[in-house]
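Per-entry structural report
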Amino acid sequence: LEVLLQEIMKREGCLVEGSNSLWPFLEFPAAGICITRFALAKETRARWLQQLPKVLTEKHQSEQWRLQHPAVVNTLLNIIDAEESEEDVRVAYKVLEFVLLMDA
């Protein structure tokens, strides 16, 4: 089962599919889904980046630890370095600042 799930998570279509049958099976909360899609779904990453500020709210406090994952932090840094979109860079800075202050 673990190998099967790992292979599923490598396929972007499975990560972002509309029926969301994967996520209820994993009992994954909405904030965790957003963070995972941001980190793993390269083709739709910009869409998930714009959703990340919602995870910073108190409502999703129990899921915010997921933002500290190296894949998330590295992706945020890459967005800042690439400077492709001013809005994306602004959001990436906001989320990264939040992550850095989590342990402070």
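Residues numbered from 1 in each chain as written. Predicted model: local features only at pLDDT ≥ 70, side-chain atom pairs only at ≥ 80, totals over all residues. Heavy atoms only, no water.

Thoughts on the pattern of salt bridges
Stated formally: Every case where a carboxyl oxygen of Asp or Glu lies within 4 Å of a side-chain nitrogen of Lys or Arg is listed as a salt bridge. Each residue is placed in one exposure class: buried if its accessible area under a 1.4 Å probe, protein chains only, is under 20% of its type's maximum, exposed if it is over 50%, and partly exposed if it falls in between.
Overall, the coordinates contain four salt bridges when judged by the stated rule. One salt bridge connects Lys10 with Glu7, and the closest N-O pair in it is separated by 3.2 Å. The class of Glu7 is partly exposed, set by a relative accessible area of 32%. A salt bridge links Glu7 to Arg11; its shortest N-O distance comes to 3.6 Å. Connected through shared salt-bridge partners, Glu7, Lys10 and Arg11 make up one network.

Some thoughts on the side chain of Gln64
How we decide: Think of it this way: any DSSP run of H or I at least four residues long counts as a helix, any run of E at least two long counts as a strand, and we number them from the N terminus. As used in this structure description, the phrase polar contact means that two N or O atoms lie within 3.5 Å; if the pair is within protein, one of them must be able to donate a hydrogen and the other to accept it, and residues adjacent in sequence are counted only when both atoms belong to side chains. What makes two residues a contact is simply this: any of their non-hydrogen atoms within 4.5 Å.
Structurally, the position occupied by Gln64 is in the loop between α5 (45-55) and α6 (70-82). Of the polar contacts made by the side chain of Gln64, one reaches the backbone oxygen of Val55; its length is 3.0 Å. Residues within four places of Gln64 in sequence aside, it is in contact with Val55, Leu56, Thr57, Phe98 and Met102.

Looking at the environment of Ala39
Residue position: Ala39 is located in helix α4 (residues 30-40). Among all residues touching Ala39, those that are not within four sequence positions of it are Arg45, Ala71, Val72 and Thr75.

Quick word on the environment of Glu2
In this structure, Glu2 sits in helix α1 (residues 2-9). The class for Glu2 is exposed, based on a relative accessible area of 60%.

Let's talk about the packing of α5 against α6
Selection criterion: Between N-to-C directions, angles span 0 to 180 degrees; the directions come from axes that are lines fitted to C-alpha atoms, helices contributing only their stretch in contact. Should an angle fall under 35 degrees it is called roughly parallel, over 145 degrees roughly antiparallel, and 65 to 115 degrees roughly perpendicular, with every other angle called oblique. Asp, Glu, Lys and Arg are counted as charged, while Ala, Val, Leu, Ile, Met, Phe, Trp, Tyr, Cys and Pro are counted as nonpolar; the rest, among them Gly, fall into the polar class.
Contact pair α5 / α6: the axes reach a minimum separation of 13 Å and the direction vectors enclose 105°. On the basis of their axis angle, the class for α5 and α6 is roughly perpendicular. Facing α5, whose interface residues are Arg45, Leu49 and Leu52, α6 presents Thr75, Leu76 and Ile79. Of the residues belonging to the contact of α5 with α6, the class tally is four nonpolar, one polar and one charged.

Looking at the packing of aromatic side chains
In plain terms, the rule: Here the aromatic set is Phe, Tyr and Trp, taking the six-membered ring for Trp, and pairing holds for ring centres within 6.5 Å; pairs whose planes are under 30 degrees apart are stacked, those over 60 apart are edge-to-face, and all others are tilted. Only when the NZ of Lys or the CZ of Arg is both within 6 Å of the ring centre and within 35 degrees of the ring normal is a charge said to sit over the ring.
A full pass over the atoms with the stated rule returns one aromatic pair. Centroid distance Trp23 to Phe28: 5.4 Å. Interplanar angle 35°. Geometry classified as tilted. Relative accessible area serves as the criterion here: at 2%, Trp23 is assigned to the buried category. Over the ring of Phe38 we find Arg45, and its NZ or CZ is 5.9 Å from the ring centre. When the ring centre of Phe28 is taken as origin, the NZ or CZ atom of Arg66, which lies over that ring, is 4.6 Å away.

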